[in-house]
Amino acid sequence: MEAHFLIISFYKYVNIPEPEVLREEILDYCITTGLRGKIYLANEGINASVSGTVELISGFKNYLESFPYFKNILFKEDTTEGFVFDKMHVRVKRELVHLGVSGISLENGGKRLKPEDLNNFYETGKDFIIIDTRNSWESNIGHFKNAVLPEMHTFRDWEKAVDDLSNFKDKTVVTYCTGGIRCEKASALMVEKGFKDVYQLDGGIITYLKQFPKSNWEGGCFVFDNRRLIETNDNYVANCSHCGKPTAKYINCHNLDCDKLFVCCEECRHTHEYSCSEECRKSERRRDKNYD
Ligand SMILES: [Zn+2]
Ligand SMILES: [Zn+2]
């Protein structure tokens, strides 16, 4: 019987006094067992996506539970065909997500909204604003129905986005991101700035799509592993920049001097040889063909 593979992603904001020491220990465990993925550690906590067989992942969860500060983690889990990472990286960062605003109290973040409760908001016609806290290149290929998509080059643009949304301070507001980690800070900043009824989608888009693949989500969801994209329905919101066909697919231009991330359907990917323009197609510095 072929091996079954899983990807788990999770985060936890918790005080880790010596992330460098923990890094060595976790890296050692992962290399020895053969897990692959990306784990980020900081004084403020852990953020990770890890891929392996069902047995390896189950062992890894038990291993994490052996650390007092990693109790009660919410794991998001999906089955995959084999590993979805090439290597194991464990890195120490200054912050898990960099908002560029100091002194935010995460305990005052938005109230947690379950996927079914979000659907309820939609179905009952509740008066609410739903806001995407991700970068524009993520939200452009997929987002919730009627979502506000602030212009975001990096997460540091969020403060300006919140200031631009100050007309909605008295409304019910729902923030969402891929797995929830960005919203912990994003929603806390809104509360701090005087928004009165703030929610954050619990477990993020990934958790929502797992339960409701064809409900109030439109398009694809960018993910940071080799799958690159989760597509659960064909309510596309983006168009191929070559032929205009609705799609959620995107690639980085294979001209290494361009490398632009652009929306491109499966067919045009081949006919335009992974290039955003004719000029880039003729470039001599090109990425290896086998790489998307
Ligand atoms: Zn196309
Ligand atoms: Zn290009």
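Positions within a chain are numbered from 1, following the residues in the order the chain's sequence is written. Labels are handed out in written order, letters beginning with A for the chains and numbers beginning with 1 for the ligands. In view of the model being predicted, local features appear only for residues whose pLDDT reaches at least 70, and side-chain atom pairs are presented and counted only at 80 or more, with totals across whole chains, interfaces and linings using the full set of residues.

1. Some thoughts on the overall build of the chain
For step 1, the next point in the chain: Helix and strand definitions follow DSSP, with helices as H or I runs of at least four residues and strands as E runs of at least two, each counted in order from the N terminus. Within the chain, the secondary structure is distributed over 9 helices and 16 strands.
For step 2, the next point in the chain: Just to be clear, the radius of gyration here is over C-alpha atoms, and the globule rule we use is 2.2 Å times residues to the power 0.38. Since a compact globule built from 292 residues should have a radius of gyration of about 19 Å, the 20 Å found for the chain is in line with a globular shape.
For step 3, the next point in the chain: Relative to its 292 residues, the chain shows a buried fraction of 37%.
For step 4, the next point in the chain: The contact criterion used is a C-beta to C-beta distance within 7 Å, with each C-beta placed from the backbone. The long-range fraction of contacts in the chain, counting pairs at least 24 apart against all pairs at least 6 apart in sequence, stands at 65%. Exposure is read from a count of other C-beta atoms within 10 Å of each residue's own; the residue is exposed at 12 or fewer, buried at 20 or more and partly exposed in between. C-beta atoms are placed from the backbone.

2. Things to note about the domain arrangement of the chain
For step 1, the next point in the chain: What the domain assignment reports for the chain is domain 1 (5–92), domain 2 (106–211) and domain 3 (236–281).
For step 2, the next point in the chain: Taking the mean C-alpha position of each, domain 2 and domain 3 sit 29 Å from one another. What marks off one domain from the next here is an automatic or database domain assignment.

3. A look at helix α2 (residues 54–65)
For step 1, the next point in the chain: If you check α2, its first and last C-alpha atoms are 17 Å apart, about what 12 residues at 1.5 Å a residue would give, namely 16 Å.
For step 2, the next point in the chain: Residues Ile 57, Phe 60 and Leu 64 constitute the buried set of α2. Taken around the axis of α2, the buried residues stretch over an arc of 60 degrees, which confines them to a single face. In α2, the exposed residues that point more than 90 degrees away from the buried face are Glu 55, Asn 62 and Glu 65.
For step 3, the next point in the chain: On its buried face, α2 is in contact with β1 (5–13) and β3 (45–53). Expected helix span is given by 1.5 Å per residue-to-residue step, counting one fewer step than there are residues. Comment: arc refers to directions from the helix axis out to C-beta atoms.

4. Description of the sheet that holds strand β11 (residues 217–222)
Strand pairing in a sheet takes place through backbone hydrogen bonds and is either antiparallel or parallel in direction.
For step 1, the next point in the chain: The pairing criterion is simple: DSSP has to find at least two bridges between the two strands. Pairing in this open sheet of 3 strands is antiparallel, and the strands run β8-β11-β12 from one edge to the other. With one partner strand each, in any of the chains shown, β8 (142–144) and β12 (229–231) form the two edges of the open sheet. The average angle at which neighbouring strand axes cross in this sheet is 35 degrees, direction not considered. Axis definition: a line fit to C-alpha positions, over the contact stretch in the case of helices; interaxial angles, taken between N-to-C directions, run 0 to 180 degrees.

5. A short note on the sheet that holds strand β2 (residues 36–42)
For step 1, the next point in the chain: The 5 strands are arranged β4-β1-β3-β2-β5 in an open sheet whose pairing can be described as mixed. Two strands in the sheet have a free side with no partner beyond their single neighbour: β4 (76–80) and β5 (88–92). Ignoring which end each strand starts from, the neighbouring axes of this sheet average 10 degrees apart.
For step 2, the next point in the chain: With 5 bridges joining them, β1 and β4 adopt antiparallel strand pairing. Counted as the bridge partner of Ile 7 is Asp 78 from β4.
For step 3, the next point in the chain: In the packing of helix α1 (residues 19–33) onto the sheet, contacts are made with β2 and β5, and the angle to β5 comes to roughly 175 degrees.
For step 4, the next point in the chain: Contacts from α2 reach β1 and β3 within the one sheet, and its direction differs from that of β3 by about 155 degrees.

6. Quick notes on helix α6 (residues 181–192)
For step 1, the next point in the chain: Over its 12 residues, α6 extends 18 Å from the first C-alpha to the last, a length consistent with the 16 Å expected when each residue adds 1.5 Å.
For step 2, the next point in the chain: The element α6 is extensively covered by neighbouring structure, given that 10 of its 12 residues are classed as buried.
For step 3, the next point in the chain: Along α6, the residues that are buried comprise Ile 181, Arg 182, Cys 183, Glu 184, Lys 185, Ala 186, Ser 187, Ala 188, Leu 189 and Met 190.
For step 4, the next point in the chain: Against β1, β3, α5 (158–164), β9 (172–176) and β10 (197–201) lie the buried residues of α6.

7. Regarding unusual backbone geometry
For step 1, the next point in the chain: Even without being a glycine, Arg 228 presents a positive backbone phi close to 65 degrees.
For step 2, the next point in the chain: When you line up the elements, Arg 228 lands in the loop between β11 and β12.
For step 3, the next point in the chain: A count of 14 C-beta atoms within 10 Å places Arg 228 in the partly exposed class.
For step 4, the next point in the chain: Residues other than glycine seldom take positive phi values, yet Tyr 274 does so here, at roughly 60 degrees.

8. A look at the nonpolar core
For step 1, the next point in the chain: A set of buried Ala, Val, Leu, Ile, Met, Phe, Trp, Tyr and Cys residues, joined through C-beta atoms within 7 Å, is what we mean by a nonpolar core. Ranked by internal contacts, the top residues of the largest apolar core, which has 64 residues, are Ile 39, Val 174 and Tyr 176.
For step 2, the next point in the chain: Among the elements that make up this core, the one with the highest residue count is α6 (6 residues).
For step 3, the next point in the chain: Each residue touching Ile 39, except ones within four places of it in the same chain, is listed here: Ile 26, Ile 46, Ala 48, Val 50, His 89 and Val 90.

9. Digging into the environment of Val 97
For step 1, the next point in the chain: Looking at the element boundaries, Val 97 is found in the loop between β5 and β6 (111–113).
For step 2, the next point in the chain: Along the chain, Val 97 and Leu 41 lie 56 residues apart, while their C-alpha atoms are 11 Å from each other.

10. Some thoughts on the environment of Val 148
For step 1, the next point in the chain: Position of Val 148 relative to the elements: it lies in the loop between β8 and α5.
For step 2, the next point in the chain: Taking the number of C-beta atoms within 10 Å as the measure of exposure, Val 148 has 17 and is therefore partly exposed.
For step 3, the next point in the chain: Linking Val 148 and Ser 215, residues 67 residues apart in sequence, is a C-alpha distance of 18 Å.

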